[in-house]
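Coordinates in review
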Amino acid sequence: MSRVHNFSAGPAALPEAVLRHAQSEMLEWNGVGASIVEISHRSAEFMEVAARAEADLRTLLTIPDDYGVLFLPGGATTQQALLALNFASPGQTVDYVVTGHWSKTAIKQVKDYVDVHVAASSEAEGFTDIPPRADWQLSPDAAYVHITANETIHGVEFRHTPEVGQVPLFADFSSSIASEPIDVSRYGVIYAGAQKNLGPVGVAVVIVRRDLLERAGQPRADIFNYASHLARDSMLNTPPTWNWYLAGLMFRWMLDQGGVEEFARRSAAKSQLVYGAIDASGGFYRNTVHPAVRSRMNIPFFLADEALTARFVAESKAAGLIGLKGHKAVGGLRASLYNALPVASAQVLVDFMHDFQRRNG
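Residues numbered from 1 in each chain as written. Predicted model: local features only at pLDDT ≥ 70, side-chain atom pairs only at ≥ 80, totals over all residues. Heavy atoms only, no water.

**Things to note about the nonpolar core**
Ranked by internal contacts, the top residues of the largest apolar core, which has 61 residues, are Phe46, Leu57, Leu61, Ile63, Phe71, Ile207 and Tyr245. Ranked by residues supplied to this core, first place goes to helix 6 (residues 241–257) with 9 residues. Listed in part, the 28 residues of the second largest apolar core include Ala88, Ile107, Val189 and Tyr191. (Core = buried A, V, L, I, M, F, W, Y, C linked by side-chain atoms within 4.5 Å. Buried < 20%, exposed > 50% of the residue type's maximum accessible area, 1.4 Å probe, protein only. Helix = DSSP H or I, 4+ residues; strand = E, 2+ residues; numbered from the N terminus.)

As structure tokens, this is what we get:
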């Protein structure tokens, strides 16, 4: 078997060690005579898996005790809708900072429940920068301020946590969580689909300051109530047990590798390699994002001759590099450099880029 270099934007690469561990336990897990996907989510055995996953994630991200942790089915888009239902009164103002496609998607999920105020937007500049904090027009009575920490399509990343005063800051960290240390206490809610940096598709992590759960929010079924999920340890209904188990293996692997500090080092190394190749290409490759906010996770780039894009995708795939086709919203190419992607894979990509330019430049 030969595994490729996987630059997919999500579902993304998982570490081979994690996949092999899961493979070894697939038919019979932990002496119970059945697979982990066949046993009750309320069994003592699975409850131990769930508890360890939460403990490891708390250690990995240094999550304070006054924050609850939820493991919920679905992805980040579902959580975007639940934010307004749980934390804002009907018609209450919420502030959104729009820095790319997923910021706009987040607004679509809540616009029917609240009064969305766009506090700042970089859409007029093509989402190539983040509006300066001094230009944000925040609402003093907003239920929350929402940002997308990293835009997977446009390749823009908040490199520092913005100060927003007494209004709680909510952030979609789907594509950059656990790639560097963050101060969780500066956020009211952090949420992330697992399928980029934390594990497989199908499970989302929500980290919520407990006092916010006292808000009445809006009329909603109990299944949409974060407080109810927390009270039942994320087992209000049957959770995606296999996905949760795999995420737990990922957390343990990340801790064994050195934690978020080590992944910050790797992320810097990988992104510097790829941006270095782009910037040194003399315009053959180009990235249009302002250097100060370039994403370490997702690097969109374009060829000076767009006619070469399809050739680049085909030849890179033949060379064992997959997932490099750009998103349909922007075109071009994109390299996603999530936690499970080795630094060596970024070097292979850079070598291919150099060779492709030599042959086509």
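**Considerations on the UniProt feature "modified residue: N6-(pyridoxal phosphate)lysine" (unreviewed entry) in the protein chain**
As recorded in UniProt, the feature "modified residue: N6-(pyridoxal phosphate)lysine" (unreviewed entry) lies at Lys196. Excluding its chain neighbours within four sequence positions, the residues that come into contact with Lys196 are Ala9, Gly10, Ala12, Thr152, Ser174, Ser175 and Tyr338. There is a polar contact of 2.8 Å between the side chain of Lys196 and the backbone oxygen of Ala9. (UniProt positions renumbered as here; feature names shortened; annotations may be inferred. Contact = heavy atoms within 4.5 Å. Polar contact = N/O pair within 3.5 Å; in protein donor to acceptor, adjacent residues only side chain to side chain.)

**Observations concerning the side chain of Thr99**
As for its position among the elements, Thr99 is in the loop between strand 3 (93–98) and helix 4 (101–110). Residue Thr99 is classed as buried on the basis of its relative accessible area, which comes to 0%. For Thr99, the side chain forms a polar contact with the side chain of Glu151, separated by 3.3 Å.

**Focus: the sheet that holds strand 9 (residues 189–193)**
One open sheet accounts for 7 strands, arranged 2-10-9-8-5-3-4; its pairing is mixed. The open sheet is flanked by strand 2 (67–73) and strand 4 (115–121), the only strands paired with a single partner. Mean inter-strand twist for the sheet, computed between neighbouring axes without regard to direction, equals 20°. One ladder, built from 7 bridges, connects strand 2 with strand 10 (residues 203–209); its direction is antiparallel. (Pairing = 2+ DSSP bridges. Axes fitted to C-alpha atoms, helices over the stretch in contact; angles between N-to-C directions.)

**Digging into the packing of aromatic side chains**
Each pair of aromatic rings is reported with the distance of its centres and the angle of its planes. Under the definition given, this model contains 19 aromatic pairs. Taken together, a centroid distance of 5.3 Å and an interplanar angle of 75° make the contact between Phe87 and Phe170 edge-to-face. Taken together, the positions of Phe87 in helix 3 (residues 76–87) and Phe170 in strand 8 (residues 169–172) put the pair 83 residues apart, joining distant regions of the chain. The exposure class assigned to Phe87 is buried, which follows from its relative accessible area of 2%. Owing to a relative accessible area of 0%, Phe170 belongs among the buried residues under this scheme. A centroid spacing of 5.5 Å and a plane angle of 80° characterise the contact between Phe173 and Tyr187, whose relative ring orientation is edge-to-face. (Phe/Tyr/Trp six-rings, centres within 6.5 Å; stacked < 30°, edge-to-face > 60°.)

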